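Here's the letter readout for the chains.
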Amino acid sequence: MTVYLPAVPGYDQLDVPIGDVVHVTEYVTAAALADPAALDAARKAVFREHRAPVSRVPVESIVGSGAPYAVAVVTHPGGGTLFTDGGDVIRVAGGVTYLPSVHTIEGDFRDQYRWCLERIAALLAVAGSDTGALVRTVDYTATATRAEYPRCGRPRREILGAGPVHPGAAGILVDVPVEPGAQVSLDAFAASPPLEALNPGWARYDTLTYKPAVRAANTVYLAGFGALDPVSQQAIHAGDLVAQAEYVYRGIETVLAEAGATGENVVHLVEYLTPDAVADYPRTAAPRERHFPNAVVTAVVCSALLRREFLLETVPTAVLP
């Protein structure tokens, strides 16, 4: 059984069979990024000979922790099958292909975005898969690129294809680049077909290169959810974090209902908060626990979100019985 674990403040805090780890996410602040070799050394000291794909996600801070970085892992008994391509590591376990995050420092924003998608396609090919199997993408871009962000639509259409299934997606703004000069960092996961796109009739997704959720076997990979009216496409509840959270959580359950699921099936949530949301975040605990009583939660602070009114974006994963 695949297990999603919440982030802990440092590799020395991991309490799992290391040989079962199939994916690592490092949420790293500017302080940690100042010495990436130390991060690599901390991981190697704990993992020893075991290799797993690593997503390095720059953040402003980790909610509830003053640590310079936090580590979240996904485990699967036996660790699945290992593939490598150059210095990159891929693992396939339980029908899911786990990839490292990718980025480049060459070219402009759209060039970099295209490069990231092409690199993901190449890594998937190493593992015997392709972009048609993608179930989720999360891109991290700088606030300064917000006006350019629509330019990523063309490379997504050209590389991800016409569908009918596109991955769930999230777009997060971070002003601490994973490497100086990198305007984009991209995370992605793929799963074995057949895949089913889940959409409760929201027409806005008909022309987009992502869907509200994708079901693969008994797992539902949802997109990032903000307080956006899917009909009017207007952001709502500006300045009110608790109201935004309630709206987001109800929207997630609306999509889950398409798979015959409820919030009780959600096992993992990553919540990205803007700096203005941090003070009120404890007030979202009660509605979150009411909607998603079985979810482990990792909460981090980003620089901003694609809609200026958003205080919160939530990325859920659900497992059906």
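In case you missed it, the structure is sitting above this.
The following paragraphs examine the structure supplied in this document. (Residues numbered from 1 in each chain as written. Predicted model: local features only at pLDDT ≥ 70, side-chain atom pairs only at ≥ 80, totals over all residues. Heavy atoms only, no water.)

**Some remarks on the nonpolar core**
V220, L222, I252 and L256 are the most contacted members of the largest nonpolar core, which totals 28 residues. Broken down by secondary-structure element, the contributors of at least two residues to this core are β15 (219-222), α5 (241-256), β16 (266-273) and β19 (312-319). Per-element accounting of this core gives the leading share, seven residues, to α5. Counting residues in hydrophobic clusters, the runner-up holds 21 residues, among them I90, L99, A127 and A188. (Core = buried A, V, L, I, M, F, W, Y, C linked by side-chain atoms within 4.5 Å. Buried < 20%, exposed > 50% of the residue type's maximum accessible area, 1.4 Å probe, protein only. Helix = DSSP H or I, 4+ residues; strand = E, 2+ residues; numbered from the N terminus.)

**Some details on the pattern of salt bridges**
For side chains bearing opposite charge, pairing can occur when the charged atoms are close. Within the structure shown, the criterion is met by 13 salt bridges. Of the charged contacts, one joins R154 and E158 as a salt bridge, the two residues approaching to 3.0 Å between their closest N and O atoms. Remark: E158 and R154 occur in helix α4 (residues 153-160); sequence separation between them is four residues, near one turn of the helix. Judged by relative accessible area, R154 falls into the partly exposed class, the value being 45%. (Salt bridge = Lys/Arg side-chain N within 4 Å of Asp/Glu carboxyl O.)

**What to know about the side chain of T104**
Mapped onto the fold, T104 is located in the loop between β9 (102-103) and α3 (109-126). Side-chain polar atoms of T104 contact the backbone nitrogen of E106, separated by 3.2 Å. In this view, T104 contacts Q112, W115, G181 and A182; residues no more than four positions away in its chain are not counted. (Polar contact = N/O pair within 3.5 Å; in protein donor to acceptor, adjacent residues only side chain to side chain. Contact = heavy atoms within 4.5 Å.)

**Observations concerning empty space enclosed by the protein**
For the structure on display, the rule yields one cavity of 30 Å³ or more. Of the volumes computed, that of the largest cavity is approximately 310 Å³. T25, R136, F189, H268 and V270 are, among the 22 residues lining the largest cavity, the residues nearest its centre. A breakdown of the residues in the lining of the largest cavity according to their chemical character gives 15 nonpolar, five polar and two charged. (1 Å grid on protein atoms, 1.4 Å probe; cavity = no way out; pocket = protein on both sides within 12 Å on 5 of 7 lines; lining within 4 Å. Points joined across faces, edges and corners; volume = space filled by probe spheres on them. Nonpolar A, V, L, I, M, F, W, Y, C, P; charged D, E, K, R; others polar.)

**Observations concerning the layout of surface pockets**
Taken as a whole, the largest pocket holds about 850 Å³ of empty space. Considering the residues around the largest pocket, the lining is formed by 32 residues, among which R204, L208, Y210, L228 and L306 are closest to the centre. Put simply, the parts of the chain that give the lining of the largest pocket at least two residues each are α4, β11 (168-173) and α5. Considering each element in turn, the lining of the largest pocket owes the most residues, five residues, to α5. Here the residues of the lining of the largest pocket sort into 16 nonpolar, eight polar and eight charged. As for the second largest pocket, its lining consists of 22 residues, and the residues nearest its centre are D40, R43, V54, R56 and G87. Every element with two or more residues in the lining of the second largest pocket is listed here: α2 (36-47), β3 (54-58) and β7 (88-93). A per-element tally of the lining of the second largest pocket places α2 first, with five residues. Looking at the lining of the second largest pocket, its residues break down into nine nonpolar, five polar and eight charged.

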